[in-house]
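Chain and residue survey
Each chain, written out:
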Amino acid sequence: MFRRHGEHCVATFAPDEVRVLRKVASEVVGLLSEGFDHEDPVVERLFPDIYPEDPHNSAEFRRYTEGDLKTSKIDQAGAILAVLPSDGGGEVRLDWDTAEAWLRALNDARLAMGVRLEIKADTDLGEELDEAVLRDPTSSRVFQLSVYAYLGYLQESLLNALTD
């Protein structure tokens, strides 16, 4: 997917891929803005307690850092939205800084989806997807697992292009 072209990482996206990426990035922005809730397990995953054994110091640390971190995460998801083709598919060219923002935003999206889909470190994604397809190939879970896998592929592709 992504390939190195001089100082840029370049990929061509089909219209469906653009729609999925736009939706995923928009959902991350929504979660971190109007939907921000410290009780949400996704928010807990994206903003873990720095001192889990010391709630007071964790709260104090969060008070000083959370606003900037949240803004940074929103900006990174916005970096995806900013360079996607506005209508249909097309080529995306990322400079180094934008590619890094994409990597962080893709990671946040995968962390969020992983929580919602209850994916653990030892989850075999292929097996999980196969089981979901056997249960109901038209289920939203099949689609969500496919998107999760696609985001991982995209993240790996971009990382490889950056390190080439």
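Residues numbered from 1 in each chain as written. Predicted model: local features only at pLDDT ≥ 70, side-chain atom pairs only at ≥ 80, totals over all residues. Heavy atoms only, no water.

**Description of the nonpolar core**
- Core analysis: the largest hydrophobic core is formed by 45 residues, its most contacted members being Phe 2, Phe 13, Leu 21, Trp 102 and Leu 151.
- Those residues within four positions of Trp 102 in sequence are excluded, and the remaining contacts are Phe 2, Phe 13, Leu 21, Ala 79, Ile 80, Val 83, Leu 84, Val 92, Leu 94, Leu 154 and Leu 158. (Core = buried A, V, L, I, M, F, W, Y, C linked by side-chain atoms within 4.5 Å. Buried < 20%, exposed > 50% of the residue type's maximum accessible area, 1.4 Å probe, protein only. Contact = heavy atoms within 4.5 Å.)

**Some words on unusual backbone geometry**
- Within the chain, Glu 118 stands out as a residue other than glycine whose phi angle is a positive 60°.
- A relative accessible area of 60% places Glu 118 in the exposed class.

**Quick word on the packing of aromatic side chains**
- Under the criterion given, the structure shown has five aromatic pairs.
- Plain terms: the ring middles of Phe 36 and Phe 47 are 5.4 Å apart, the flat faces sit at 85° to each other, and that makes the pair edge-to-face. One end of the pair, Phe 36, is in the loop between α1 (15-32) and α2 (41-46); the other, Phe 47, is in the loop between α2 and α3 (55-83), and 11 residues separate them in sequence.
- The exposure class of Phe 47 is buried, given its relative accessible area of 6%.
- Counting every residue linked through ring pairs, the aromatic cluster contains Phe 2, Phe 13 and Trp 102.
- Over the face of the ring belonging to Phe 36 we find Lys 70, whose NZ or CZ atom lies 4.0 Å from the ring centre. (Phe/Tyr/Trp six-rings, centres within 6.5 Å; stacked < 30°, edge-to-face > 60°. Helix = DSSP H or I, 4+ residues; strand = E, 2+ residues; numbered from the N terminus. Lys NZ or Arg CZ within 6 Å of the ring centre and 35° of its normal.)

**As for the pattern of salt bridges**
- Counted according to the given criterion, the structure contains 10 salt bridges.
- With a closest N to O distance of 2.5 Å, Arg 62 and Asp 49 form a salt bridge. In this pair, Arg 62 sits in helix α3 while Asp 49 sits in the loop between α2 and α3, placing the two residues 13 residues apart along the sequence.
- In this structure Arg 62 comes out as partly exposed when scored by relative accessible area, which is 21%.
- Asp 49 gets classed as partly exposed once you look at its relative accessible area, which sits at 41%.
- Asp 108 is the partner of Lys 73 in a salt bridge, and the nearest nitrogen-oxygen pair spans 3.0 Å. (Salt bridge = Lys/Arg side-chain N within 4 Å of Asp/Glu carboxyl O.)

**Re the sheet that holds strand β3 (residues 90-94)**
- The antiparallel open sheet is built from three strands, whose spatial order is β1-β2-β3. Two strands in the sheet have a free side with no partner beyond their single neighbour: β1 (3-5) and β3. Across the sheet, the axes of successive neighbouring strands diverge by a mean angle of 35°, strand direction being ignored.
- Two elements, β1 and strand β2 (residues 8-13), share three bridges in a ladder whose sense is antiparallel. Bridge pairing in β2 places Arg 4 opposite Cys 9.
- Sheet strands in contact with helix α4 (residues 96-117) are β2 and β3, and its direction is about 105° off that of β3. (Pairing = 2+ DSSP bridges. Axes fitted to C-alpha atoms, helices over the stretch in contact; angles between N-to-C directions.)

**Some details on the environment of Leu 129**
- The residue Leu 129 is located in helix α5 (residues 125-135) in this model.
- Aside from chain neighbours lying at most four places away, what touches Leu 129 is Val 142, Leu 145 and Ser 146.

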